[in-house]
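Breakdown of the fold
Listed below, chain by chain, are the residues.
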Amino acid sequence: MTRLDAKIPEGELEKKWSNYQAKSNLINPANKRKLKVIVVGSGLAGAGAAATMAELGYQVECFCYQDSPRRAHSVAAQGGINACKNYQHDGDSVWRMFYDTLKGGDFRSREANVYRLAQLSAPLIDHFAAQGVPFAREYGGTLANRSFGGVQVERTFYARGQTGQQLLVAAYSQLSKMVEAKKVTMHTRHEMLELVVTDGKASGIITRNLITGEIEAHNAHAVVLATGGYSRVFRLSTLAIGCNGSAIWRAHKKGAFMAGPSFTQIHPTALPQSSDSQSKLTLMSESLRNDGRIWVPKNKDDKRDPSLIQEEDRDYYLERRYPSFGNLAPRDISSRAAKERIDAGHGVGPLRNAVYLDFKDAINRLGLKVIKDRYGNLFDMYKKITGIDAYKSPMLISPAAHFSMGGLWVDYELMTTIPGLYAIGECNYSDHGANRLGANSLLQASIDGYFILPNTINNYLSSAIKNDPPKSDAPEFTEAKSQVEQRISRLLEIKGSKTVDHFHRDLGHIMWQECSMSRNEAGLKKAIIDIKKLKEEFWSDVKITGHDKELNQELEKGLRLADFIELAILMCEDALERNESCGAHFREEFQTPEGEALRDDSQFSYVSAWEFINENEFKLHKEQLNFEFVKPTVRSYK
């Protein structure tokens, strides 16, 4: 068995998951009570996994750095969650959803994993409806649907513009039930700073209590990471300020392979940056593209009020370039198209860095009440931030760093290359390939946590029943604690002249310029050199105030940025190695005459999985992608 054995079950595509379940090991309820599992993260993936495994009988400890699981970043997802129930009778099916997702990711993911995602989507909606999620409904009472980018059917279930919040409340209620029943021990305001590996297996974590600064060791039979994405590497992103990649980076440095780290998604509809002092960007849901039309003035540097620009002077560039999908073209394509128009001098807004999202035609066609019912909270949020009434004037939107398709490499069971270490939700590389379709994020996080992990982790834990986990004072734990303490001491002792935010701003600028919507060989090589220089300067001149035995947000940011800097180097290395364009990875040297991505299946039909060797070296492993049931085609949305 190679280290990259994906463990894909045999049989027909439709039966792989049932075949797997039929042959997997079982653990009786009495023995489950002897087994301890750590879950890091309490968003949809983490809360779902912790609650479900506790229901099954396992001892579960769940960790989050927030003051409540309710603050996990899943709460920020707006537009919806996909499922192929075909309520609209518009030709949807498991196969069509599978193909849309595989194609949307530009054929850079496993068939078996993607099919399972589609297959389990319908039961998941039933699961959430039973938990009381207030999905939007039609007049007759059936659940309502709308479209998202990259598809031609309506399969997205939603709760106005706050779907993530409603799903997280449901997951949180189940987690709280298990905490109250003393089946889950919840550790809030604890951040994982190291993974502990004993005899080659994940055996626990080292955390820092963010209130007291205490460094703690926690042991378990298995560790599950559900820590979300790492797009804060760009600094300005739609993610919450606290979102980080430290947990998966610590696991990577202990032996877990990182897969496709350069595959990061730029969302086409966020509020544009207004100043250098901004710390984050605000997402505006992709669902708005159902009814809003995106356009820019045909004339360069046209500074007229949008209401004064006539139809013949407007360029509805997505409808022009991609008539089959129009404003619902996939995110990577829509973002690059916006960048092209802005760079060509057609940008709008005070900094000329945005495009218009206009609802005038939809309001005339459907009426103001319908638009308010569908998107009211999003329009209210827009007005609160910008002061502009989007019912009367077009929204200003711009591309922004958003989702990480890359993450820890996992097999069909969601286990990493470290036995006993699992990665679920956005922190793994599993279902989305080189580009995620809208409304598949909540889907993957929920399915991984509720349905897949609880059915796969028993295959590993069934062999651990006879053994207690290593004690938390074992040599491996003592050494890991010491490593964390040394890292903290080193940071605090620098006492330099520049803040963590200063270095993060510089890193974000490098990454946005060279490793975001478009990349090229010269730029990536320059970025690697610049980031390595930034790393040296960070470790010699960063200023972190306060001390470690208190609530110290500067220290938290410093530890996270140290990991982001190293991750950024690997992202650029990965983008440099992949001499093709696919999905969100757009290499300028590899494009069609029309400016579209030019994939190279003969050389790059594989998942890049990187092994950490040392601070200056990563080793590439390749998981070849074999397409038995679908033939990869040119990804066209024209």
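For clarity, every value in this text was computed on a predicted model and none was experimentally measured.

Let us look at the overall build of the protein. For the protein, the helix and strand inventory stands at 18 helices and 20 strands. Compactness check: the protein gives a C-alpha radius of gyration of 24 Å against a globular reference of 26 Å for 638 residues, within 12% of the reference. If one aligns the C-alpha atoms of the protein with their principal axes, the spans along those axes are about 75 × 60 × 50 Å. Looking at the 638 residues of the protein, the share that counts as buried comes to 61%. In the protein, the proportion of contacts linking residues at least 24 apart, taken out of those at least 6 apart, comes to 75%. Accessible surface, the protein as shown: approximately 24,100 Å² in total, 49% of it carbon and sulfur.

Attention now moves to the packing of helix H5 (residues 111-119) against helix H6 (residues 121-131). Contact pair H5 / H6: the axes reach a minimum separation of 5 Å and the direction vectors enclose 40°. The orientation of H5 with respect to H6, classified from their angle, is oblique. Note on element contacts: H6 touches H5 through Ser-121, Ala-122 and Pro-123, opposite Leu-117, Ala-118 and Gln-119.

To continue, consider the pattern of salt bridges. Side-chain pairs of opposite charge can arise where the charged atoms are in close proximity. On inspection of all chains with the given rule, the structure shows 50 salt bridges. Salt-bridge contacts for Glu-194 lead to Lys-254; the nearest nitrogen and oxygen are separated by 3.8 Å. You can see Glu-194 sitting in strand E6 (residues 190-198) and its partner Lys-254 sitting in the loop between helix H8 (246-253) and strand E10 (258-259), a full 60 residues away along the chain. A residue is classified by how much of its surface remains accessible, and Lys-254, at 30% relative accessible area, is partly exposed. A salt bridge links Asp-343 to Lys-339, with the nearest nitrogen and oxygen atoms 2.8 Å apart. Separated by four residues within a single helix, Asp-343 and Lys-339 lie in helix H10 (residues 331-346), roughly one turn from each other. The class of Asp-343 is exposed, set by a relative accessible area of 55%.

This part is about helix H15 (residues 500-514). Turn by turn, an α-helix covers 3.6 residues, leaving residues three or four places apart pointing in a common direction. Counted at 1.5 Å a residue, the expected span for H15 with its 15 residues is 21 Å, and the 21 Å between its end C-alpha atoms agrees. If you check which residues of H15 are buried, you get Val-500, Phe-503, His-504, Leu-507, Gly-508, Ile-510, Met-511 and Glu-514. Buried residues in H15, looked at end-on, bunch into an arc of 165°, giving them a common side. Residues of H15 that are buried sit in contact with helix H16 (521-541) and helix H17 (553-577).

Okay, empty space enclosed by the protein next. In the structure shown here, the tally under the stated rule is four cavities of 30 Å³ or more. Taken as a whole, the largest cavity holds about 100 Å³ of empty space. Every residue lining the largest cavity is listed: Arg-232, Ile-241, Cys-243, Val-500, Asp-501, His-504, Lys-557, Arg-560, Leu-561 and Phe-564. Elements represented by at least two residues in the lining of the largest cavity include exactly H15 and H17. It is H17 that contributes the most residues to the lining of the largest cavity, four residues altogether. Here the lining of the largest cavity is built from residues that sort into five nonpolar, one polar and four charged.

Quick look at the layout of surface pockets now. Here the second largest pocket is characterised by a volume of approximately 760 Å³. Together, 27 residues line the second largest pocket, and Leu-236, Gln-273, His-509, Trp-512 and Gln-513 are the ones closest to its centre. For the lining of the second largest pocket, the elements supplying multiple residues, two or more each, are H10, strand E15 (395-404) and H15. Two domains each provide a minimum of three residues to the lining of the second largest pocket, namely domain 1 (268-399) and domain 2 (475-604).

Along E6, eight of the nine residues are buried, which leaves the element largely enclosed by surrounding structure. Relative to strand E7 (residues 201-209), E6 is paired through eight bridges, and the arrangement is antiparallel. Residue Glu-191 lies in a different strand from E7, and its bridge partner there is Arg-208. Linking two consecutive strands that pair antiparallel, namely E6 and E7, is a turn of two residues; a positive phi of about 55° is found at Asp-199 within it.

Further remarks concern the domain arrangement of the protein. One widely used convention gives an interface's size as the accessible area the parts lose upon coming together. The assigned domain composition of the protein is domain 1 (268-399) and domain 2 (475-604). Of note, the centres of domain 1 and domain 2, computed from C-alpha atoms alone, are 31 Å apart. Taken together, the contacts link eight residues of domain 1 with ten residues of domain 2. Of the roughly 720 Å² buried between domain 1 and domain 2 on both sides combined, carbon and sulfur atoms contribute 51%. Linking domain 1 with domain 2 are one salt bridge. Of the charged contacts in the structure, one is a salt bridge between Arg-321 and Glu-596, with a shortest N-O distance of 3.2 Å. If you look at where domain 1 meets domain 2, you find four residue pairs in polar contact (both at pLDDT 80 or more). The dominant element in the side of domain 1 that touches domain 2, judged by the number of residues it contributes, is H10, at four residues. Across the side of domain 1 that touches domain 2, the residue classes tally to two nonpolar, one polar and five charged.

Side chains of strand E14 (residues 355-358) alternate between two faces, with Val-355 and Leu-357 and Tyr-356 and Asp-358 buried alike. By the bridge criterion, three bridges tie strand E12 (residues 293-297) to E14 in an arrangement that is antiparallel. Within E14, the position partnered with Trp-295 by the bridge is Tyr-356. For E14 and E15, the ladder comprises three bridges, and the chain directions are antiparallel. Looking at the pairing, Val-355 lines up with Ile-397 of E15.

Here the focus is the sheet that holds strand E17 (residues 421-423). The strand order across the open sheet formed by five strands is E5-E2-E1-E9-E17, and the pairing between neighbours is parallel. Bordering the open sheet on either side are strand E5 (184-187) and E17, each of which pairs with just one other strand. Adjacent strand axes in the sheet meet at a mean angle of 20° when their direction is disregarded. Pairing analysis gives four bridges linking strand E2 (residues 59-63) to E5, with the strands arranged parallel. Across the sheet, the residue bridging to Phe-63 is His-187, located in E5.

What follows covers unusual backbone geometry. Unusually for a residue other than glycine, Ala-439 sits at a positive phi of about 75°. Considering the arrangement of structural elements, one finds Ala-439 in the loop between strand E18 (428-429) and helix H13 (441-461). With a phi angle near 50°, Lys-495 is a residue other than glycine that sits in the positive phi range. Examined against the element boundaries, Lys-495 turns out to sit in the loop between helix H14 (475-494) and H15.

What counts, and where the lines are drawn
- Residues numbered from 1 in each chain as written.
- Predicted model: local features only at pLDDT ≥ 70, side-chain atom pairs only at ≥ 80, totals over all residues.
- Heavy atoms only, no water.
- Helix = DSSP H or I, 4+ residues; strand = E, 2+ residues; numbered from the N terminus.
- Rg over C-alpha atoms; globule rule 2.2 N^0.38 Å.
- Buried < 20%, exposed > 50% of the residue type's maximum accessible area, 1.4 Å probe, protein only.
- Contact = heavy atoms within 4.5 Å.
- Areas by Shrake-Rupley, 256 points an atom, 1.4 Å probe, with all protein chains shown as cover.
- Axes fitted to C-alpha atoms, helices over the stretch in contact; angles between N-to-C directions.
- Parallel < 35°, antiparallel > 145°, perpendicular 65-115°, else oblique.
- Salt bridge = Lys/Arg side-chain N within 4 Å of Asp/Glu carboxyl O.
- Expected span 1.5 Å × (residues − 1).
- Arc of directions from axis to C-beta.
- 1 Å grid on protein atoms, 1.4 Å probe; cavity = no way out; pocket = protein on both sides within 12 Å on 5 of 7 lines; lining within 4 Å.
- Points joined across faces, edges and corners; volume = space filled by probe spheres on them.
- Nonpolar A, V, L, I, M, F, W, Y, C, P; charged D, E, K, R; others polar.
- Domains from an automatic or database assignment.
- Pairing = 2+ DSSP bridges.
- Buried area = accessible area lost by both parts, 1.4 Å probe.
- Polar contact = N/O pair within 3.5 Å; in protein donor to acceptor, adjacent residues only side chain to side chain.

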